[in-house]
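This is what each chain is made of:
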Amino acid sequence: MLLEAQHLVKQFPARGGGAPVRAVDDVSLHIERGETLGLVGESGCGKSTLGRLILQLLPRDSGDVFLEGKRPESDLQSFRHRVQIVFQDPFRSLNPRRTVGQAIAEPLQIHNLVAPEKRRERVAQLLTEVGLDTGAIDRYPHQFSGGQRQRIGIARALAVEPQLIILDEPVSALDVSVQAQIVQLLQNLQREHGLSYLFISHNLAVVRHMAQRVAVMYRGKIVETAPVTSLYKAPRHPYTRALLEAVPEPDPSRVLISPPPAAPIFHETACRYAPRCLLARQLGQGTLPSACLKEIPPLREVAINHGAACHFSEKMNDGIAS
C-alpha cells in the first residue's frame, strides 16, 4: 500500500453562523502502488477538500495520513517530494509573471534535485515528455492554450519524480477533444513512471476510462467503493446509481436522483442521502424507513472488494428502483 488516509475530518464555519459544515466527515481510503483511485461526486461534496487534506495543503481537524506507513509531519519536505498535485484551472495555478521554465524549475530548486547549470536541460526534457516544444521554456502562461497550460502543470508535478499525483478535476476546464489527449498523456506517464493517481472528477465517463477503483463521495462521506467494473455494472448505493443514470439517456424516468432538499438533513444521526433517496421512499411506500432516519449507515462490504454505506444496498438488485 502506498498511501492510506484514516478517519479524516475537516469542518468549516457556516456562513452567517450556525453549526459548522463538515466538508470531510470520517473518510478513510487507500491507494496502491501504480493504481488510479477515482474519487467522484457532485460539486461541493468535499472531493477537493479531501485531496488537499491528503496533500497537507489544509490542516485536518482529526484523522491520519500515512505514506508508506509514515506520517507526513515526520518529514514534510520529503512528503512533498513524493506527492504532488495538478489543479483544475491550468491558468490560475501558474504564476503569470514567471516563464514556463521558471515555473517548472522551481520545484527542482526547492528540493535541490538538479544542479543549477543542469536545470534548463531538465526542464526541456520534462516539456518534451508532456508533448510540448522546448521553445516553451522562455514563454509565459498566457501564450498557451488551456490544454497546453495543463501539460505545463503536469510537467511541474513530474519534476520532483513523485510516487503519487493528486489530479483535481484535471480535464474539466478543457474541450472534449483536449480532454482525451490529456487523459492519454496521464495514462502514458503512469505506465512509464509507475505513478499512482488520485483522480478527482465529476465526469463519470473519464473516471471509468482512467481508474481501477472508484470511491463515491456524498456530503463529506464515502458512500461506496468498488473496482471500476463492478461499480459501473452493479452499483450498490442509491446515490451511485443516481449519478450513473443521471447521464442523459432516452428514458429519463429511470433516474433515481431528486433535487437537493431546501432544508438540511433532519439530524446528524440520519443518512445524509435520505432526503433525496427514491429507493428509500419506494421501500417506505412514500415515507422514509426509520433506519434511514435514526442511523448513519456504515460503509460495509456488500460484495468482494465492494463497500456501500446503505441500509438497503441488497435491494439495489432486487428489481426495486431499477
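Below: a short report on this structure. From a predicted model like this one, the values you see are computed outputs, not experimental measurements.

**Notes on the pairing of strand β9 (residues 221-227)**
With six of seven residues buried, β9 is to be regarded as a mostly interior element. Here strand β8 (residues 213-218) runs beside β9; their pairing, made up of six bridges, is antiparallel. In the sheet register, R213 faces β9, and the bridge partner there is P227. Between β8 and β9, which pair antiparallel in sequence order, lie two residues; one of them, R219, sits at a positive phi of approximately 45°. Pairing between β9 and strand β11 (residues 306-308): two bridges, direction antiparallel. By the bridge assignment for β11, T225 is matched with G307.

**Observations concerning the state of the cysteines**
Enumeration over the complete set of coordinates arrives at zero disulfides. For C292, which is in no disulfide, the shortest distance to another cysteine sulfur is to C271 and amounts to 5.9 Å. The buried category is assigned to C292, whose relative accessible area is 6%.

**Let's talk about the pattern of salt bridges**
The tally for this structure, following the rule as stated, stands at 14 salt bridges. Among the salt bridges present, the one from D25 reaches R22, with a minimum N-O distance of 2.8 Å. Residue class for D25 comes out buried when judged on its relative accessible area of 7%. R22 sits in the partly exposed class, given a relative accessible area of 38%. Its salt-bridge partner being R71, residue D64 comes within 3.0 Å of it at the nearest N-O pair. The class of D64 is partly exposed, set by a relative accessible area of 22%. Taking the relative accessible area as the measure of exposure, R71 reaches 42% and is therefore partly exposed. Salt bridges linked by common partners bring R22, D25, K221 and R272 together as one network.

Rules of the game
Residues numbered from 1 in each chain as written. Predicted model: local features only at pLDDT ≥ 70, side-chain atom pairs only at ≥ 80, totals over all residues. Heavy atoms only, no water. Buried < 20%, exposed > 50% of the residue type's maximum accessible area, 1.4 Å probe, protein only. Helix = DSSP H or I, 4+ residues; strand = E, 2+ residues; numbered from the N terminus. Pairing = 2+ DSSP bridges. Disulfide = S-S within 2.5 Å. Salt bridge = Lys/Arg side-chain N within 4 Å of Asp/Glu carboxyl O.

Geometric values such as these leave the question of function open.
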